[in-house]
Amino acid sequence: MLIPVLIWGLLGCSRQPEKITCTDTAMGTVLQQTLYVSPGTDGGKIFSEMKYLLEDLEKRELSWRETDSLVGIINTSAGKESVELTAPLESELDLVLEVGKRSKGALDITLGKVCRLWNLDHWAQIGGEDFCVPKQEEIEKFLVHTGAEEIRLKEGKIEIPENMELDLGAVGKGIACDRLQEYLQEQENVTGAVISVGGSVLTYGEKPDGENWKVGIAHPREEGNNIAVLHLEGGMCVSTSGDYERYVQKEGVRYHHILDPVTGYPADAGLVSVTIVSESGCLSDALSTACFVLGKEEGLALAESYGVQALLVDSALGIFMTEGMDKIAVLE
Ligand code: AMP
Ligand code: MG
């Protein structure tokens with residue numbers, strides 16, 4: 001009996017999915033991929049196809065830096081003509097504009113010129129020594145050309161007024177998670193995955209041990225530590241917006257990359273980090289930015305109105321959660 005049991009055991013073992021991991025960069029951020037695949041799967045091919053998918057998404061659709069991406073074309077066509085969207089981007093923009101409305105403009109994808117004026121991505125990267133706060137009149141000059149209610153999105157086409165510039169930085173990584181999930185659903189050999197693209201994480205499928213996926217929420221003031229760990233099923237997206245992600249410090253003031261569309265200055269509603277968990281990456285990313293700008297009360301109310309889970313951290317490092325979040329978040 002010993003031999004058949006042994007052989008059966010070995011066969012059983014060999015059918016277990018294998019865990020493979022890869023750390024790379026894509027969309028200007030760190031791409032971390034962990035996959036569980038059937039034995040014999042070409043994991044390298046899957047990793048590079050996912051990276052390529054993200055580079056393509058950035059280059060062809062989302063990047064304001066590329067003049068021939070869809071966002072680039074929309075921006076150069078401002079006030080001149082409408083631009084045809086891809087079907088997924090049309091429904092993603094629909095959702096983003098709805099979050100914009102329901103957040104009373106706290107999420108505003110028309111802030112492109114104001115974001116460029118602050119240029120915080122750049123200053124955060126090179127250090128803030130020579131950073132100068134933009135002049136009030138300059139901020140006001142660019143704020144005049146913002147306001148998502150001016151966007152016309154109809155029948156697959158979009159048109160924005162003259163001088164307006166779109167910036168989809170607030171939702172790009174979440175959209176990336178949605179597109180990756182679609183790709184994974186087509187891969188028969190992938191049984192489970194957890195993929196992180198900058199501040200957004202996707203869980204997919206199941207772990208071989210049947211355990212939940214564990215996704216850490218970065219501590220906003222202790223680099224390398226988590227403030228909480230989320231225990232999630234497959235098919236969830238986690239997006240975090242924080243004032244610690246991209247910022248410069250000048251004369252004791254932290255100038256971070258999430259702007260308040262009313263003032264044109266970095267949002268200052270008392271929060272330092274917002275995490276949203278939803279089945280849609282586009283929604284979780286849109287809401288993480290919107291709730292950060294809105295602050296604790298209005299942010300929690302907005303998240304609850306969408307039926308998603310939220311974990312907010314205020315500047316005293318107090319933690320506030322939607323009702324269901326305490327069932328999936330373990331505080332560190
Ligand atoms: P996130 O890290 O997802 O909160 O996105 C922040 C990025 O979105 C910034 O780097 C800007 O490109 C852009 N952004 C900043 N403030 C806003 C805002 N209030 N609404 C929409 N996009 C914004
Ligand atoms: Mg966001």
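Owing to the predicted nature of the structure, the values given are computational and were not obtained by experimental measurement.

Chemist: Can you break down the pattern of salt bridges residue by residue, with the values?
Modeler: Taken as a whole and assessed by the stated rule, the structure comprises 14 salt bridges. Here glutamate 298 ties to lysine 104 by a salt bridge, and the two come within 2.9 Å at their closest N and O atoms. Taken together, the positions of glutamate 298 in helix 10 (residues 296-305) and lysine 104 in the loop between helix 4 (87-102) and helix 5 (112-118) put the pair 194 residues apart, joining distant regions of the chain. Note on glutamate 298: relative accessible area 38%, which makes it partly exposed. Across the salt bridge formed by arginine 116 and aspartate 167, the nearest N and O atoms sit 2.7 Å from each other. Here aspartate 167 lies in the loop between strand 5 (157-159) and helix 8 (172-185) and arginine 116 lies in helix 5, a separation of 51 residues in the sequence. For arginine 116, a relative accessible area of 22% gives the class partly exposed. Residues joined by salt bridges that share partners form a network here, namely Asp24, Lys51 and Glu55.

Chemist: Outline the nonpolar core, supporting the account with residue identities and numerical values.
Modeler: As a rule of thumb, nonpolar side chains are buried together in soluble globular proteins. Membership of the largest hydrophobic core comes to 67 residues, with the highest contact counts inside it found for Leu35, Leu184 and Ile195. It is helix 9 (residues 281-294) that contributes the most residues to this core, nine residues altogether. Beyond its immediate sequence surroundings of up to four residues, leucine 35 is in contact with Glu18, Lys19, Ile20, Ile46, Phe47, Met50, Leu184, Val190, Gly192, Ala193 and Ile195. Ranked by size, the runner-up nonpolar core spans 19 residues in total, among them Val201, Val238, Val277 and Val313.

Chemist: Outline the coordination of the magnesium ion (ligand 2), supporting the account with residue identities and numerical values.
Modeler: Coordination of the magnesium ion (ligand 2) by the protein is provided by Ala170 (O), Asp285 (O), Asp285 (OD) and Thr289 (OG1), with metal-donor distances spanning 2.2 to 2.5 Å. Read in sequence order, the donor residues for the magnesium ion (ligand 2) give the motif A-x114-D-x3-T. Here aspartate 285 pairs with threonine 289, and both are found in helix 9, just four residues apart, close to one helical turn. Here aspartate 285 falls in the buried class, since its relative accessible area comes to 6%. Classification of threonine 289 as buried rests on a relative accessible area of 11%.

The rules behind the values
- Along every chain, residues carry numbers that run from 1 in the direction the sequence is written.
- Going through the entries in the order they are written, you letter the chains from A and number the ligands from 1.
- Per-residue local features of the predicted model are confined to residues with pLDDT of at least 70, and side-chain atom pairs are confined, for both listing and counting, to 80 or more; whole-chain, interface and lining totals are unaffected and use all residues.
- Side-chain numbers come from the whole structure's heavy atoms, not from hydrogens or water.
- The working definition used for a salt bridge is a side-chain nitrogen of Lys or Arg within 4 Å of a carboxyl oxygen of Asp or Glu.
- Numbering of helices and strands runs from the N terminus; a helix is a DSSP stretch of H or I covering at least four residues, while a strand is a stretch of E covering at least two.
- Using a 1.4 Å probe on the protein chains alone, a residue whose accessible area is under 20% of its type maximum counts as buried, one over 50% counts as exposed, and one in between counts as partly exposed.
- What we call a nonpolar core is a set of buried Ala, Val, Leu, Ile, Met, Phe, Trp, Tyr and Cys residues that are connected through their side-chain atoms within 4.5 Å.
- Residue contacts follow a heavy-atom distance rule, with two residues in contact if any of their heavy atoms lie within 4.5 Å.
- Here a donor is an N, O or S atom found within 2.8 Å of the metal, or within 3.2 Å if the metal is Na, K or Ca; sites may look incomplete because water is not among the atoms.

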